[in-house]
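# A look at the structure
Here's the letter readout for the chains.
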Amino acid sequence: MSSVTFENVVKRYGNNTVVNNLNLQIPDKEFLVFVGPSGCGKSTSLRMLAGLEDISEGTIYIGDRPVNDVPPKDRDIAMVFQSYALYPHMSVYDNMAFALKLRKMPKAEIDQRVKKAAQTLGIEQLLPRKPRQLSGGQRQRVAVGRAIVREPKVFLFDEPLSNLDAKLRVQTRAEISKLHQQLATTFIYVTHDQTEAMTMGSRIAVMKDGLLHQVDTPQTLYDKPNNIFVAGFIGSPSMNFFDVSIKGNADNIQVEGDGFQLAIPGERAQGLKSYLGQKVTMGVRPEDLFDADYVAQSIHPGNLDAQVEVTELMGNEVFLYLLTGGHSYVARVDPRTKAKVGNKVRIVANLDKVHFFDKKSEQAIR
């Protein structure tokens, strides 16, 4: 098994820099997820690690070994792609065994590895079938099994669930997480879906425009985002943002927005003292906004009077799309809410959980 290190890695296509000075250490046996919008450089980073893309600058290490000039077949990695890329004329067994046959492994060892991987993935009964006889989820498990039999140091996954329906995606991501625990090796996974990232990764690397914006545990990314981009990208529905002015004095910090004024409690107000008289961006997650009739206990409440524009019943909660002043935002509230479209409602913000960001740098104010 092995660690992976990106050291000052850059990838350019002509004058276009798609990965810019990537520095990242991935310990042995970690499950790291690259996440970000399309074109952020996450898949390119994975492909450079796999040897499918040349590196413009910097060095990639697998363990202590620089692999910039090592051919893909000699890097001891296995990659699972978005497309299953199964040979249609071969059985599942032969698809899984193909790479081992190319290595001229003994038949007995090939058979042992294929059957062990099939048992791990619960696809033993599929081994005689052809790919056309399989569902999308079954084909994806075969593609994962083909990687497992190689017993690589590092597994790479490039958006492997994108072709599956929503229910099957949930099931398969749980299977991949369980597989990581069973194999106890390094997994590096690329997705644009932040829910996948939050539920699967032991750490998440958030990228945008070729830059690594933050890498940390899912909970830390959620609770302490470094900047507006990370705050807005992590969480579903995404964080609400308000332009606010900092009022009051060092002992009594208030924020004033369009149609509301909130007194910020002491701990949250500490970083705002140097912003008195200035504008900042305030962020509030939808789950930190409550219908006033069903407010969580032990919070510092802040009131916003809002008009309901849209309601979405999700069963165990309701999404309220609201308007305060001229600003639209969303709240996740108790399903017992009586709020109706067109109604005026009192919304309570948990002021212990609000976030603030500098207007120019967009960095978090701590």
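No experiment lies behind these values; they were computed from the predicted model shown.

### Topic: the overall build of the protein
Assigned secondary structure in the protein consists of nine helices and 20 strands. Overall, the C-alpha framework of the protein stretches about 75 × 45 × 35 Å when taken along its three principal axes. Buried residues in the protein amount to 50% of all 366 residues. Sequence-distant contacts, at least 24 apart, represent 66% of the contacts inside the protein between residues at least 6 apart. Put simply, the protein shows about 17300 Å² of open surface, and 46% of that area lies on carbon and sulfur atoms. The averaged location of the 41 negative side-chain charges in the protein is 7 Å from the averaged location of its 45 positive side-chain charges.

### Concerning the packing of helix H4 (residues 136-148) against helix H5 (residues 166-183)
Packed helix pairs are characterised by how far apart their axes lie and by the angle those axes make with each other. Contact pair H4 / H5: the axes reach a minimum separation of 11 Å and the direction vectors enclose 20°. It follows from the interaxial angle that H4 and H5 lie roughly parallel. Considering the relative orientation of H4 and H5, their crossing is right-handed. Taking contact as the criterion, the partners of Gly136, Gly137, Arg141, Val144 and Ile148 in H4 are, on H5, Leu168, Gln171, Glu175, Leu179 and Leu183. When grouped by side-chain class, the residues that make up the contact of H4 with H5 number five nonpolar, three polar and two charged.

### Here's the deal with the sheet that holds strand S20 (residues 355-358)
Either a parallel or an antiparallel arrangement is found when strands of a sheet pair, and the pairing is made through backbone hydrogen bonds. In spatial order, the strands read S13-S12-S11-S14-S20; together these five strands make up an open sheet with antiparallel pairing. This sheet does not close on itself; its edge strands, each paired only once, are strand S13 (260-263) and S20. Strand-to-strand twist in this sheet, taken as the mean axis angle between neighbours without regard to direction, amounts to 40°. The pairing of strand S12 (residues 252-257) with S13 spans four bridges and is antiparallel. Paired with Gly257 across the strands is Phe260, a residue of S13.

### Here's the deal with the packing of aromatic side chains
What the rule picks out here adds up to twelve aromatic pairs. Where Phe157 meets Phe187, the ring centres are 5.2 Å apart and the plane angle is 40°; that geometry is what we call tilted. Here the residue Phe157 occupies a position in strand S7 (residues 154-158), and Phe187 occupies one in strand S8 (residues 186-191), the gap between them amounting to 30 residues. As far as burial versus exposure is concerned, Phe157 and Phe187 are alike and both buried. With centroids separated by 5.5 Å and ring planes inclined at 80°, the aromatic side chains of Phe242 and Phe260 adopt a geometry described as edge-to-face. Highlighted residues: Phe242 in strand S11 (residues 240-249) and Phe260 in strand S13, separated in sequence by 18 residues. Using a relative accessible area of 7% as the deciding quantity, one classes Phe260 as buried.

### Side note on the pairing of strand S19 (residues 344-350)
Among the seven residues that make up S19, five are buried, leaving the element largely enclosed by the rest of the structure. By the bridge criterion, three bridges tie strand S15 (residues 289-291) to S19 in an arrangement that is antiparallel. Within S19, the position partnered with Asp291 by the bridge is Ile347. Direction of pairing for strand S16 (residues 301-313) relative to S19: antiparallel, over a ladder of seven bridges. Bridge pairing in S19 places Asp305 opposite Arg346.

### Observations regarding the pattern of salt bridges
For side chains bearing opposite charge, pairing can occur when the charged atoms are close. Enumeration according to the criterion identifies 15 salt bridges in this entry. The salt bridge partner of Asp94 is Lys101, with a shortest N-O separation of 3.2 Å. Assessed through its relative accessible area of 42%, Lys101 is described here as partly exposed. Across the salt bridge formed by Lys359 and Asp243, the nearest N and O atoms sit 2.6 Å from each other. Of this pair, Lys359 sits in the segment after S20 while Asp243 sits in strand S11, and the two are 116 residues apart along the sequence. Residue classification places Lys359 among the partly exposed residues on the basis of a relative accessible area of 36%. Here Asp243 falls in the partly exposed class, since its relative accessible area comes to 48%.

### As for the nonpolar core
One finds Met96, Val114, Phe157, Ile176, Tyr189 and Val206 to be the most contacted residues of the largest nonpolar core, which totals 47 residues. Non-local contacts of Tyr189, meaning those with residues more than four positions away in its chain, are made with Phe31, Leu32, Val33, Phe34, Phe157, Pro160, Leu161, Ile176, Glu196 and Met200. The next biggest cluster of nonpolar side chains, apart from the first, holds 32 residues, and it includes Leu262, Val308, Leu322 and Val354.

Rules of the game
Residues numbered from 1 in each chain as written. Predicted model: local features only at pLDDT ≥ 70, side-chain atom pairs only at ≥ 80, totals over all residues. Heavy atoms only, no water. Helix = DSSP H or I, 4+ residues; strand = E, 2+ residues; numbered from the N terminus. Buried < 20%, exposed > 50% of the residue type's maximum accessible area, 1.4 Å probe, protein only. Contact = heavy atoms within 4.5 Å. Areas by Shrake-Rupley, 256 points an atom, 1.4 Å probe, with all protein chains shown as cover. Lys, Arg positive; Asp, Glu negative; His and termini not counted. Charge placed at Lys NZ, Arg CZ, Asp CG, Glu CD. Axes fitted to C-alpha atoms, helices over the stretch in contact; angles between N-to-C directions. Parallel < 35°, antiparallel > 145°, perpendicular 65-115°, else oblique. Left-handed = near helix turned anticlockwise from the far one by under 90°. Nonpolar A, V, L, I, M, F, W, Y, C, P; charged D, E, K, R; others polar. Pairing = 2+ DSSP bridges. Phe/Tyr/Trp six-rings, centres within 6.5 Å; stacked < 30°, edge-to-face > 60°. Salt bridge = Lys/Arg side-chain N within 4 Å of Asp/Glu carboxyl O. Core = buried A, V, L, I, M, F, W, Y, C linked by side-chain atoms within 4.5 Å.

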